[in-house]
Amino acid sequence: QEQLVESGGGLVQAGGSLRLSCAASGRTVSTYRMGWYRQAPAKEREFVASISRSGGSTSYADSVKGRFTISRDNAQNTVYLQMNSLKPEDTAVYYCTAKGPAAIRPDYWGQGTQVIVSS
C-alpha cells in the first residue's frame, strides 16, 4: 500500500510562487508514474501534470504549461510541483497521485493540500 503525503500549499498573491511536495512511503516511488491533479470549488477534479518513472518525460495541462514544473527525486521518494506566476484560477486542492505501469487511472491519491491565490 502506497501512502502519499502532500505539503507546501498555502495562501499566495497572484503572480507569486509555491512549491508543493509529495512524500511517498511504501514501495519506492520509482515504480510509479507520478502526477498532480487539482479540484477547485464546485468543479471537477482535473489533471495538472505527470512525470515518468525515470523523470525523462513530463506532461502538463494546457492551463499550466510554461508556469508549472513537475520533478521527482527517486532517492528521496519525493515528487515536486513548482508553481510560478500563479493566478486566482489556480486556487484548488492539489492532489498527488501514483500510477502503476499497467494502470489507466492513478492507483493512489494523497489527501490533498490547499492552494489559495488571491487577486
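This is a predicted model, so every value here is computed, not measured.

Let's talk about the nonpolar core
Right, so step 1: The biggest cluster of nonpolar side chains holds 29 residues, and the ones touching the most others in it are Met 34, Trp 36, Leu 81, Met 83 and Tyr 94.
Right, so step 2: Those elements giving two or more residues to this core turn out to be β3 (18-25), β4 (33-39), β5 (46-51), β7 (68-73), β8 (78-83), β9 (92-99) and β11 (113-118).

Here's the deal with the pairing of strand β1 (residues 3-7)
Right, so step 1: Here β1 shows a buried face lined by Leu 4 and Glu 6 and an unburied face lined by Gln 3, Val 5 and Ser 7.
Right, so step 2: Looking at chain direction, β1 and β3 are connected through five bridges and run antiparallel. What sits directly across from Val 5, in β3, is Ala 23.

Topic: the environment of Ser 63
Right, so step 1: Looking at the element boundaries, Ser 63 is found in the loop between β6 (58-60) and β7.
Right, so step 2: For the pair Ser 63 and Ser 21, spaced 42 residues apart in the sequence, the C-alpha separation amounts to 20 Å.

Digging into the side chain of Thr 78
Right, so step 1: Within the secondary structure, Thr 78 is located in strand β8.
Right, so step 2: Separated by 2.8 Å, the side chain of Thr 78 and the backbone oxygen of Gln 76 make a polar contact.
Right, so step 3: The residues touching Thr 78, leaving out its near neighbours within four places in the chain, are Ser 21, Cys 22, Ala 23, Val 29, Arg 72 and Asp 73.

Side note on the packing of aromatic side chains
Right, so step 1: Applying the stated criterion to the full structure yields four aromatic pairs.
Right, so step 2: When the ring of Tyr 37 is compared with that of Trp 109, the centres are 5.0 Å apart and the planes differ by 55°; the resulting orientation is tilted. With a gap of 72 residues between them, Tyr 37 in strand β4 and Trp 109 in strand β10 (residues 108-109) connect regions that are remote in the sequence.
Right, so step 3: A relative accessible area of 34% places Trp 109 in the partly exposed class.
Right, so step 4: The ring of Tyr 95 carries the charged tip of Arg 45 above its face, separated from the ring centre by 4.1 Å.
Right, so step 5: Directly above the aromatic system of Trp 109 lies the positively charged group of Arg 45, at a separation of 4.6 Å from the ring centroid.

What counts and how
- Residues numbered from 1 in each chain as written.
- Predicted model: local features only at pLDDT ≥ 70, side-chain atom pairs only at ≥ 80, totals over all residues.
- Heavy atoms only, no water.
- Core = buried A, V, L, I, M, F, W, Y, C linked by side-chain atoms within 4.5 Å.
- Buried < 20%, exposed > 50% of the residue type's maximum accessible area, 1.4 Å probe, protein only.
- Helix = DSSP H or I, 4+ residues; strand = E, 2+ residues; numbered from the N terminus.
- Pairing = 2+ DSSP bridges.
- Polar contact = N/O pair within 3.5 Å; in protein donor to acceptor, adjacent residues only side chain to side chain.
- Contact = heavy atoms within 4.5 Å.
- Phe/Tyr/Trp six-rings, centres within 6.5 Å; stacked < 30°, edge-to-face > 60°.
- Lys NZ or Arg CZ within 6 Å of the ring centre and 35° of its normal.

Function cannot be inferred from these measures alone, as they are strictly geometric.
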